[in-house]
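Topology and contacts: notes
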Amino acid sequence: MSEEKKTIKISPIKKGTVIDHIREGQSLKVMKILGLTETVVKDVVSIAMNVESSVGKKDIVKVENREIGSDELDKISLISPETTINIIRDYTVVQKKRVQLPERIKGIVKCKNRNCISNQREPIEPEFKVMSGEPVNIKCIYCEREMKEEEISENIV
Ligand code: CTP
Ligand code: ZN
């Protein structure tokens, strides 16, 4: 088989959202952040992992027929700041932008401090203030524990 035929490609979509330049191997966490792993979600989703790109390997997630909102997509920046979002209509990219780091993060990351009040039985949602973007660093608003990129990625709920 030629090199060309050995490459698996996912098809262009007619309309929806293409989440591109996801850090290699992080697409399942992206799915989790967006709630796409829930069984109630019926969207058609395609995932490509570890595909070659001009700047090393990347993952891609395509969600058909739905234009996902910026606030939701921006959460991806926590684990993959280089990610780009493409809105597709009638097979054409009508909008392209990079995810932006939000100022606050609520409910996606679990605090690493086991004694933190957000980890007790009280119904308190974890919440963090974003301290820096490169590298990503966030700080729990309850116990002030700081978390870096790798810790954030390991503690996505
Ligand atoms: N895409 C898609 N369906 C379409 C159009 C585009 O799935 N109808 C996908 C492409 O496969 C690519 C992404 O959306 O993963 C962005 O498309 P495009 O802007 O055409 O590609 P590039 O110029 O390579 O994007 P970039 O410069 O962001 O790398
Ligand atoms: Zn905490």
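Please refer to the structure higher up on the page.
Below you will find a few notes about this structure. (Residues numbered from 1 in each chain as written. Chains lettered and ligands numbered in written order. Predicted model: local features only at pLDDT ≥ 70, side-chain atom pairs only at ≥ 80, totals over all residues. Heavy atoms only, no water.)

1. Some remarks on the coordination of the zinc ion (ligand 2)
As a reminder, the rule being used: Coordination shells were defined by N, O and S atoms within 2.8 Å of each metal, extended to 3.2 Å for Na, K and Ca; water is absent from the atom set, which can make sites look incomplete. A site with four donors is called tetrahedral when every donor-metal-donor angle falls between 85 and 135 degrees; four donors are called square planar, and six octahedral, when opposite donors sit more than 155 degrees apart and all other angles fall between 65 and 115; any other arrangement is irregular. Working definition: with a 1.4 Å probe on protein chains only, accessible area under 20% of the residue-type maximum means buried, over 50% means exposed, and in between means partly exposed.
Looking at the zinc ion (ligand 2), the protein donor atoms are Cys111 (SG), Cys116 (SG), Cys140 (SG) and Cys143 (SG), and they sit 2.3 to 2.4 Å from it. Considering all four donor atoms around the zinc ion (ligand 2), the spread of angles at the metal, 99 to 115 degrees, places the coordination shape in the tetrahedral class. With relative accessibility at 2%, the residue Cys111 sits in the buried group.

2. Structural notes on the nonpolar core
Nonpolar side chains in soluble globular proteins generally cluster together in the buried interior. The criterion, for reference: Nonpolar cores were defined as sets of buried Ala, Val, Leu, Ile, Met, Phe, Trp, Tyr and Cys residues, with membership established by side-chain atoms within 4.5 Å. Secondary structure elements are taken from DSSP: a helix is a run of H or I of four residues or more, a strand is a run of E of two residues or more, and numbering for both begins at the N terminus. It only takes one pair of heavy atoms within 4.5 Å for two residues to be counted as in contact.
Core analysis: the biggest nonpolar cluster contains 30 residues, and Ile19, Leu34, Leu78, Val109, Phe128, Ile138 and Ile152 have the highest contact counts within it. Elements represented by at least two residues in this core include exactly strand 1 (16–23), helix 2 (27–33), strand 3 (56–64), strand 4 (84–89), strand 7 (127–133) and strand 8 (136–140). Residues within four places of Val109 in sequence aside, it is in contact with Leu78, Pro126, Phe128, Ile138, Met147, Ile152, Asn155, Ile156 and Val157.

3. So, the sheet that holds strand 9 (residues 146–148)
Heads up, the condition is: Strand pairing requires that DSSP identify at least two bridges connecting the strands. The axes are straight lines fitted to the C-alpha atoms, using for helices just the contacting stretch, and the angles between their N-to-C directions are given from 0 to 180°.
Ordered in space as 6-7-8-9, the four strands form an open sheet in which the pairing is antiparallel. In the strand order of this sheet, the two ends are held by strand 6 (104–106) and strand 9, each with one partner. Adjacent strand axes in the sheet meet at a mean angle of 30 degrees when their direction is disregarded. Here strand 8 runs beside strand 9; their pairing, made up of three bridges, is antiparallel. By the bridge assignment for strand 9, Asn137 is matched with Lys148.

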